[in-house]
Amino acid sequence: MAYQVSVFLENKLGHLEKVTDVLKNAGINIRNIHLNHTASGWGILNLVVSSPELASDLLNQKGISAALRKIAVLRMVDKAGGLDVLLKSISRAGVNFTNAHGMVLDEGKVAFFAIDVEDIPDACERLESVGLELIPDGYVYGTCS
């Protein structure tokens, strides 16, 4: 099961760079980034990285509040309408997600769509039951070809 690193981040100049500096110094590659503003000058930074457990540990050691969240990562065709087709299948599976982000893996061929849901095991079972393909962790993290 893939993980994203979620960071509670104050929206101030230089705070994002503190995160990226920790990851850079540890040789951790950021595969996908999703940053959104919440309220009162704070936001949530969701990262898919090459070593999520290590990234979370190192960020917390540096006083940066980070947590691991399981995500379901689905294969999506990288072409016009690819997301629409995928979303219709996700709906058919009866899976509602709270957050999502996507990334192209192979231009014009394969992309991934990561979804954050409350009950990951149940969601994965439902998604696979309608023929959706979960991307193996190694591909998500960029650690295998």
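The present account deals with the structure reproduced in this document. Keep in mind it's a predicted model, so treat the numbers as computed, not measured.

**Some remarks on the pattern of salt bridges**
Two side chains with opposite charge may pair up if their charged atoms get near one another. Per the stated rule, a full pass over the model turns up six salt bridges. Of the charged contacts, one joins Lys-12 and Glu-10 as a salt bridge, the two residues approaching to 3.4 Å between their closest N and O atoms. Its salt-bridge partner being Asp-116, residue Arg-69 comes within 2.5 Å of it at the nearest N-O pair. Residue Arg-69 is found in strand S4 (residues 66-77), and its partner Asp-116 is found in strand S6 (residues 110-116); the two are separated by 47 residues along the sequence. Judged by its relative accessible area of 4%, Asp-116 is buried.

**Quick notes on the packing of helix H1 (residues 15-25) against helix H2 (residues 52-61)**
Where H1 contacts H2, the axes come no closer than 10 Å and their chain directions differ by 125°. Taken together, the axis directions place H1 and H2 in an arrangement best described as oblique. Read as a crossing pair, H1 and H2 show a hand that is right-handed. In this structure, H1 contributes Val-19, Val-22 and Leu-23 to the contact, and H2 contributes Ala-55, Leu-58 and Leu-59. Residue composition of the contact of H1 with H2, by class: six nonpolar, no polar and no charged.

**A few points about the nonpolar core**
One finds Leu-74, Leu-86, Ile-90, Val-95, Ile-115 and Leu-127 to be the most contacted residues of the largest nonpolar core, which totals 16 residues. Secondary-structure elements contributing two or more residues to this core are S4, helix H3 (82-92), S6 and helix H4 (120-129). Per-element accounting of this core gives the leading share, four residues, to H4. For Leu-86, the residues in contact, after removing those within four places along its chain, are Leu-74, Arg-75, Met-76, Phe-113 and Leu-132. Within the second largest apolar cluster, 14 residues are counted, among which are Leu-45, Leu-47, Leu-59 and Ile-64.

**Comments concerning the sheet that holds S4**
Spatially, six strands are ordered S2-S3-S1-S4-S6-S5 in an open sheet, and the strand pairing comes out antiparallel. A single partner strand is all that each edge strand has here, and the edge strands are strand S2 (30-37) and strand S5 (99-106). Within the sheet, the average angular offset between the axes of one strand and its neighbour, ignoring direction, is 30°. Relative to strand S3 (residues 42-49), S2 is paired through seven bridges, and the arrangement is antiparallel. Across the sheet, residue Ile-33 finds its bridge partner in S3, namely Leu-47. Contacting S4 and S6, H4 crosses the sheet at an angle of about 5° to S4.

**Side note on the pairing of S3**
Of all eight residues that make up S3, six are buried, and the element is covered over most of its length. For strand S1 (residues 2-10) and S3, the ladder comprises six bridges, and the chain directions are antiparallel. Looking at S3, one finds that Glu-10 is bridged to Trp-42. Counted between consecutive antiparallel strands, the loop separating S2 from S3 contains four residues, among which Ser-40 sits at a positive phi close to 55°.

What counts as what
- Residues numbered from 1 in each chain as written.
- Predicted model: local features only at pLDDT ≥ 70, side-chain atom pairs only at ≥ 80, totals over all residues.
- Heavy atoms only, no water.
- Salt bridge = Lys/Arg side-chain N within 4 Å of Asp/Glu carboxyl O.
- Helix = DSSP H or I, 4+ residues; strand = E, 2+ residues; numbered from the N terminus.
- Buried < 20%, exposed > 50% of the residue type's maximum accessible area, 1.4 Å probe, protein only.
- Axes fitted to C-alpha atoms, helices over the stretch in contact; angles between N-to-C directions.
- Parallel < 35°, antiparallel > 145°, perpendicular 65-115°, else oblique.
- Left-handed = near helix turned anticlockwise from the far one by under 90°.
- Contact = heavy atoms within 4.5 Å.
- Nonpolar A, V, L, I, M, F, W, Y, C, P; charged D, E, K, R; others polar.
- Core = buried A, V, L, I, M, F, W, Y, C linked by side-chain atoms within 4.5 Å.
- Pairing = 2+ DSSP bridges.

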